[in-house]
Amino acid sequence: MCGIVGVVSKAPVNQLIYDGLLLLQHRGQDAAGIVTQQGRKFYMHKAKGMVRDVFRTRNMRALPGNVGLGQVRYPTAGNAYSEDEAQPFYVNAPFGLVLSHNGNLTNAAELKAELFNTDHRHINTDSDSEVLLNVLAHELEKTTRGLPLTPVDVFAAVRGVHKRVKGSYAVVALIAGHGLLAFRDPFGIRPLCIGHGQNEGGRTVMVASESVALEGTAHQFERDIAPGEAVFVDLDGTVHAEQCADHAKLMPCIFEFVYLARPDSVLDGISVYQARLNLGETLAKRVVSTVPPSQIDVVIPIPESSRPSASQLAHLLGIPYREGFVKNRYVGRTFIMPGQGVRKKSVRQKLNVIASEFKGRNVLLVDDSIVRGTTSREIVQMARDAGARKVYLASAAPPVRYPNVYGIDMPTPDELVAHNRTVDEVRESIGCDALIYQDVDAMKQAIGSLNPKLAGFDASCFDGVYVTGDITLADIARLNAGRDTSEEGEEDTSRLALPNAQVA
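Residues numbered from 1 in each chain as written. Predicted model: local features only at pLDDT ≥ 70, side-chain atom pairs only at ≥ 80, totals over all residues. Heavy atoms only, no water.

1. Re the environment of Gly 201
Along the chain, Gly 201 falls in the loop between strand S9 (193–199) and strand S10 (202–208). Given a relative accessible area of 37%, Gly 201 falls into the partly exposed group. Along the sequence, Gly 201 and Ser 9 sit 192 residues apart, while their C-alpha atoms lie 7.4 Å from each other. Beyond its immediate stretch of four places on either side in the chain, Gly 201 contacts Lys 10 and Ala 11. (Helix = DSSP H or I, 4+ residues; strand = E, 2+ residues; numbered from the N terminus. Buried < 20%, exposed > 50% of the residue type's maximum accessible area, 1.4 Å probe, protein only. Contact = heavy atoms within 4.5 Å.)

Right, here's the structure in full:
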């Protein structure tokens, strides 16, 4: 999971991309990068850290141009601590290409071998995004063969990418001197949308991971980019679009609606906020069948994503809804912190209890999901320490029993608290008095009912069904073996970047 933005305008875009990345900061806090284009030259700045820390005034001044893209990174492949793997990535042929990618390629190892042995292209990092960039570059080179570039050539290249690449990918790329390219994988697993706005120069076209990035920068949301579709925006702002996959069907990642996306976003025609309200409604039915409402004194959400579900649940059960935890907004989201040690340490730094809401009460804590169980265990203990008589825990999502291979950091079965455990065994591990999970089919119905045009969901971490149809247990083991386990602070050796010339 990452956040990506791309812009074509008649005025400088550096500030606009920066603002868009701030609105997508929840999608990744490991690294950030922006590339702009002036004439046929790219200007890049990227580094580890949050958007506000990576980009200073001097960096922004060194990013001229009316076309650009940016990314906030949350690592799921390669090395979480490497400066080399901050995006965007760059290759100089054909034309000059930069690319940012949200998702995860499941056949990156095979593609890397193909690129070296057959396409004669060099990959310098462990990032699957660099692999994807070089596949796109090779396919684009095949379609043009030294001829001037047209939208037809671009779409032919994307067709070639779809035939070679497997997994999840939402992509924005710049082609030097020509324009901006955006496309989604044939299942639309990762979100991508397009909109337009106005600035001092005229019309602006923007693509972004979530609609909130458009609306928050005064752009009007037009539509979601369809699964398998490619959109090419030339330097005049003219939008060309074409379906480039043979068998596309919309099956977005359901975890986007459970946790990943901002509640004020609309993804693939579904309000994330309404999806979470619906999850609370179906979860209420599960709670009643496990714990009589008369035994619950108060419903308390675990901030932030669970609030809509918790409030709806409390309303339907007629139980008081209270805020019992105060969140320190200056600590990153624990779920996306690389390294279990960092994640565990940060829980009590991130949350503090309001003891009066717990003391002497039977409390029902509501969370959006339970992945590793580390955070849940700490929070349950915090509630007990604050004086709660009994602590019940409800999850708006079903048990996470299977690894995710499409771009969410839950890849190793051993890390998942529900893997090969019964609900009661998970309850004992977490230490709560009762544990209530959402039902898988109820979750799909609650969210899917908001857009009947969906073919389904990727809910692989809940049901073990991988929508791309190419994942086996051996594949999962291989993907896990390829994860980089180095710790932050270890020497980061090579550094290939696009140097910026001094800009007056």
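2. A look at helix H14 (residues 440–448)
Residues of H14 that are buried: Met 443, Ala 446, Ile 447 and Gly 448. Against helix H8 (255–260), strand S15 (270–271), helix H9 (272–290) and helix H15 (460–463) lie the buried residues of H14.

3. Details of the pairing of strand S7 (residues 167–175)
In terms of burial, S7 is a largely internal element, nine of the nine residues being buried. The alternating pattern of S7 places Gly 167, Tyr 169, Val 171, Ala 173 and Ile 175 on one face and Ser 168, Ala 170, Val 172 and Leu 174 on the opposite face, and all of these are buried. Here strand S6 (residues 97–105) pairs with S7 via nine bridges, running antiparallel. Of the residues in S7, the one forming a bridge with Leu 97 is Ile 175. Across six bridges, the pairing between S7 and strand S8 (residues 179–184) is antiparallel. Within the sheet, the bridge partner assigned to Leu 174 lies in S8 and is Leu 180. Taken together, S7 and the strand that follows it, S8, pair antiparallel across an intervening segment of three residues, in which Gly 177 is found at a positive phi of about 80 degrees. (Pairing = 2+ DSSP bridges.)

4. Quick notes on the side chain of Ser 211
Of note, Ser 211 is situated in helix H7 (residues 211–215). By relative accessible area, which is 1% here, Ser 211 ends up buried. If we skip the residues at most four places from it in the chain, Ser 211 touches Cys 193, Phe 221, Asp 264, Ser 265 and Val 266.

5. Here's the deal with the sheet that holds strand S11 (residues 220–224)
The sheet built from seven strands is open, its strands ordered S3-S2-S4-S1-S10-S9-S11 with antiparallel pairing. A strand with exactly one partner marks an edge of an open sheet, and here the two such strands are strand S3 (41–48) and S11. Between one strand axis and the next, the sheet turns through 15 degrees on average, direction left out of account. With four bridges joining them, strand S1 (residues 3–8) and S10 adopt antiparallel strand pairing. (Axes fitted to C-alpha atoms, helices over the stretch in contact; angles between N-to-C directions.)

6. Points about the sheet that holds S7
The strands that make up a sheet pair up through hydrogen bonds in the backbone, lying either parallel or antiparallel. Taken together, six strands build an open sheet; the order of strands is S5-S6-S7-S8-S12-S13 and the sheet is antiparallel. Single-partner strands in this sheet number two, and they are strand S5 (89–91) and strand S13 (239–243). Taking the axes of each pair of neighbouring strands and ignoring which way they run, one obtains an average angle of 20 degrees across the sheet. Helix H5 (residues 128–144) rests against S5, S6, S7 and S8 of the sheet, and its axis sits at about 125 degrees to S6.

7. Re helix H4 (residues 108–117)
Within the sequence span of H4, burial applies to Ala 108, Leu 111 and Leu 115. Summarising the axial view, the buried residues of H4 lie within an arc of 60 degrees, below the 170-degree limit, and thus occupy one face. In H4, the exposed positions that point more than 90 degrees away from the buried face belong to Phe 116 and Asn 117. Buried-residue contacts for H4 involve S6, H5 and helix H6 (151–164). (Arc of directions from axis to C-beta.)

8. Considerations on the nonpolar core
Among the nonpolar cores identified, the biggest contains 56 residues, and Phe 255, Val 287, Leu 313, Leu 364, Ile 447 and Phe 462 are the most heavily contacted of them. For this core, the elements supplying multiple residues, two or more each, are H8, H9, helix H10 (307–317), strand S19 (362–367), strand S20 (390–395), strand S21 (434–437), H14 and H15. If you tally residues by element for this core, the top one is H9, at six residues. Membership of the second largest hydrophobic core comes to 32 residues, among which are Leu 115, Val 135, Leu 136 and Ala 230. (Core = buried A, V, L, I, M, F, W, Y, C linked by side-chain atoms within 4.5 Å.)

9. As for the side chain of Ser 127
On the secondary structure map, Ser 127 appears in the loop between H4 and H5. Residues in contact with Ser 127, not counting those within four places in the same chain, are Glu 85 and Phe 89.

10. Points about unusual backbone geometry
Omega for the peptide link from Ala 93 to Pro 94 comes to 0 degrees, which places this bond in the cis form. Note that Pro 94 resides in the loop between S5 and S6. The peptide bond linking Pro 303 to Glu 304 adopts the cis configuration, its omega dihedral lying at 0 degrees. Relative to the elements of secondary structure, Glu 304 occurs in the loop between strand S16 (298–301) and H10.

11. Describing the environment of Ala 477
Within the element layout of this structure, Ala 477 appears in helix H16 (residues 473–481). Sequence separation between Ala 477 and Pro 403 is 74 residues; the distance between their C-alpha atoms is 10.0 Å.

12. Some details on the pattern of salt bridges
Going through the model one piece at a time under the given rule, you end up with 26 salt bridges. Across the pair Arg 164 and Glu 114 runs a salt bridge, and its minimum N-O distance is 3.0 Å. Taken together, the residues span a long stretch of sequence, with Arg 164 in helix H6 and Glu 114 in helix H4 at a distance of 50 residues. For Arg 164, a relative accessible area of 17% corresponds to the buried category. Among the residues examined, Glu 114 registers a relative accessible area of 36% and is labelled partly exposed. A salt bridge links Arg 427 to Glu 428; the nearest nitrogen and oxygen atoms lie 4.0 Å apart. By sharing partners, the salt bridges in this structure join Glu 114, Asp 119, Glu 139, Lys 142 and Arg 164 into a single network. (Salt bridge = Lys/Arg side-chain N within 4 Å of Asp/Glu carboxyl O.)

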